Each structure stands twice: as C-alpha cells, then as structure tokens.
Amino acid sequence: MEPITLCGLIVVAFGFWIELEPAIMMAFVKINSRSSGVKAILTQPTAQKPVYAR
C-alpha cells in the first residue's frame, strides 16, 4: 500500500473516531449502568445503627 494512501486512511479513521466517540461512549455507559454489579459498587451502603453496650 502506498504511504499516501495509508496516511489518508489513518486521517479518515481518526476523523470517524472523533465523530463517533461520544455515541460509542454513551452506549458503553448505558450498558454498564444496567449492570447489577456496577450498581452494587456505586450505591452507598445503608447507614449503620449504633449498638449500645452496657
């Protein structure tokens, strides 16, 4: 492959990445936000009640 063609493909691929990155990242966030494992990590634990000793 000629160097000028290869450079052109790299520029086009980079342009597509810049244009599509927000959509890809939002899809990734939506998929991960539905995961119960991620929710368990990110949710705050319930407040603990103090135990009174004698």
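Residues numbered from 1 in each chain as written. Predicted model: local features only at pLDDT ≥ 70, side-chain atom pairs only at ≥ 80, totals over all residues. Heavy atoms only, no water.

### Regarding the overall build of the protein
Scanning the protein from terminus to terminus reveals 2 helices and 0 strands. Here the protein, with 54 residues, has 0% of them falling under the buried criterion. Total accessible area computed for the protein in this model is approximately 5600 Å², and 70% of it derives from carbon and sulfur atoms. (Helix = DSSP H or I, 4+ residues; strand = E, 2+ residues; numbered from the N terminus. Buried < 20%, exposed > 50% of the residue type's maximum accessible area, 1.4 Å probe, protein only. Areas by Shrake-Rupley, 256 points an atom, 1.4 Å probe, with all protein chains shown as cover.)

### So, helix H1 (residues 3-33)
In this model, H1 (31 residues) spans 43 Å end to end at C-alpha, consistent with the 45 Å of a helix rising 1.5 Å per residue. Of all the bends in H1, the largest measures some 50° and sits at Leu20, one to four residues before the proline Pro22. (Expected span 1.5 Å × (residues − 1). Bend = angle between axes of the 7 residues up to and from the residue.)

### A short note on a nonpolar patch on the surface
Together, Val12, Phe14, Phe16, Trp17, Ile18, Leu20 and Ile24 make up a nonpolar patch on the protein surface, roughly 700 Å² of accessible area in all. In this structure, Val12 sits in helix H1. Its relative accessible area of 44% is what places Val12 among the partly exposed residues. (Patch = residues over 30% accessible without salt bridge, like charges linked within 9 Å, V, L, I, M, F, W, Y side chains within 5 Å. Salt bridge = Lys/Arg side-chain N within 4 Å of Asp/Glu carboxyl O.)

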